Amino acid sequence: MKPIDQFMWPYQDSFREGVQHLARSVLGDIGFEDGAATVFLVGLAAPGHQGRHAVCIEPEDGPWKQEMFGTLSADVERAIPTDPMQRMHYDDWATMRDKPENIRRNVITNEIRRSLKVEDERTGTRSFCSRATKYGDFYIVAVLQVPERGLRSLPTIRYRWQDQVGETSLVLECIREILAQAVQELSRPHPEPGRGIGDRNRLVAKEIADRAARLLMRTPFIDGDYANWGLYESIEEVSKLMYEGTVGTGRIILAADNDPSLHYMLKLSSPVLLNETRWLRKLLQMATRETALVCGYATAFGLGSVSDVGAPHFSIDFTGRHQWDLRRGDRIFMRVKDGQPRLPQDPIQVERFEENMRRIFPGIRDTSIAFARNVMDLLFKMGRGSTIVFAADAAGEAKRLESQGTRIQPAAINKEFLERASSIDGAMIADPNGVCHAIGVILDGNATPKCTPARGGRYNSAVRYVGNGSPAGRLSSSRTMAHWTLFLS
């Protein structure tokens, strides 16, 4: 075993690795940059500690150096007397007793966060810090880092809570829950933090995304109304129900009963409680995307619509049995299917798509790239599984594969064409300029290690096809009901 110079406690490496694995599992499961999360620990020696180091880093041989926190001890002692919590007075003696320790813990976390700010800007990351927790002779802070670009690409909800402005999203709530779990682990007296953490985390990982989704749904979606507590549970229950054999696909608009932008087509004389789920499901049967069921956090008021002037309201779209989206206008914040929350998947990231098109098809025009991108977006919005191949040798491929597909007269792709061609099995083969040469093609190719039985036929056939080693450039894109996957050759 390698000796640890910056020693805090025997299982510090296991603890850090356990929290990092938990973060990657949870964020990967919800669809956020699988494997992108990194965790390290900062330990600040408690006052009076006579050890070798005032600040310890785990891992000590990673990119984070003690020098980054060289003034941490002095910064903390300087900030404690002026912390805003010093002016707080509490009625109960226990809270007043704990006030000095709580101030110290909060200040340590804030000072570590401040120390990381410059480095975050340089490396394009965003650091999230757990609340400092005293274990042994050190105050320990777990720092979870994720790519800033990934966070910027996701829609967040800004809200006002009394006099404060907050920001939330499914990712942010998951990160907060992961760090809260780290604090709970550090606060565990037996066994020591990090000892056996893997077994505990395997159970916890399944719960964190669910807790994060419930917390996200407690956001004050309705201006001036903060009392949002049981919305997630009611929506989940009603999404499971069918009405006389039909699946509900209506919409709930979240609004106050007297919202001036509301127009009621039908208003209930007495509001229906959302926890009366069978009654609510019956009302939802009458709702559409345009004329929705108007609800507060706890009651349904009637059927109506909102003015298209001004900011859109938050809404719940029921997209299938036990499937629903939290959205505002065109922005989807969370998708829940069979009780599993996930992020909305952008059809294809613009920068990545353009970069690959230019690399695979040298000299391609900007208009052709934009056209191909629009084709992807249209297919995504149609909500069907589908595969399209852009190939430099599209005409030749259509002829070669005509025995296992339908070769057509070259045709420019438009929306109506996509609606027809994607309604049958098989792939479309088009050239980089958006001219289609074949539809319903069963793609060929040898199996590769990248194939996996965990994915469907579209995914694996696209993998095999682009792995054929053709000298011609090819970009294949396979869409499941959840997201697009690019395959490049």
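Check the entry above for the structure.
Summarised in this report is the structure supplied together with it. (Residues numbered from 1 in each chain as written. Predicted model: local features only at pLDDT ≥ 70, side-chain atom pairs only at ≥ 80, totals over all residues. Heavy atoms only, no water.)

### Looking at the sheet that holds strand 11 (residues 262-273)
- One open sheet accounts for 8 strands, arranged 11-13-12-10-14-15-16-17; its pairing is mixed. Of all strands in the sheet, those with a lone pairing partner are strand 11 and strand 17 (340-342), marking the two edges. Averaged over all adjacent pairs, the angle separating strand axes in this sheet is 25°, with direction ignored.
- The pairing of strand 16 (residues 331-337) with strand 17 spans 3 bridges and is classified as antiparallel. In the sheet register, K337 faces strand 17, and the bridge partner there is Q340. (Pairing = 2+ DSSP bridges. Helix = DSSP H or I, 4+ residues; strand = E, 2+ residues; numbered from the N terminus. Axes fitted to C-alpha atoms, helices over the stretch in contact; angles between N-to-C directions.)

### Quick look at the pattern of salt bridges
- Going through the model one piece at a time under the given rule, you end up with 29 salt bridges.
- Note that D366 is salt-bridged to R358, the shortest N-O span being 2.8 Å.
- According to the relative accessible area criterion, R358 is partly exposed, its value standing at 41%.
- Note that R420 and E419 form a salt bridge whose closest N and O atoms lie 4.0 Å from each other.
- Taken together, the shared-partner salt bridges connect D75, R78, E111 and R114 into one network. (Salt bridge = Lys/Arg side-chain N within 4 Å of Asp/Glu carboxyl O. Buried < 20%, exposed > 50% of the residue type's maximum accessible area, 1.4 Å probe, protein only.)

### A look at the packing of aromatic side chains
- Here the structure, examined in full by the defined rule, presents 6 aromatic pairs.
- Each ring, one from F314 and one from F333, has its centre 5.9 Å from the other, and the planes form 40°; the classification is tilted. Remark: F333 occurs in strand 16 and F314 occurs in strand 14 (residues 314-320); sequence separation between them is 19 residues. Taken individually, F314 and F333 each receive the classification buried, so the pair is uniform in this respect. (Phe/Tyr/Trp six-rings, centres within 6.5 Å; stacked < 30°, edge-to-face > 60°.)

### Some remarks on helix 1 (residues 12-29)
- For helix 1, spanning 18 residues, the distance from its first C-alpha to its last is 26 Å, which sits close to the expected 26 Å at 1.5 Å a residue.
- Residues Q12, F15, R16, G18, V19, Q20, L22, A23, V26 and L27 constitute the buried set of helix 1. (Expected span 1.5 Å × (residues − 1).)

### Details of the nonpolar core
- Formed by 71 residues in total, the largest nonpolar core has its most connected members in W324 and L326.
- Top element by residues in this core is helix 5 (residues 170-186). It accounts for 9 residues.
- When near neighbours in sequence (up to four residues on either side) are disregarded, W324 contacts M217, Y232, I235, E236, S239, I316, D317, F318, T319, M334, R335 and V336.
- Residues A79, I112, C129 and A132 belong to the second largest nonpolar core, which totals 22 residues. (Core = buried A, V, L, I, M, F, W, Y, C linked by side-chain atoms within 4.5 Å. Contact = heavy atoms within 4.5 Å.)

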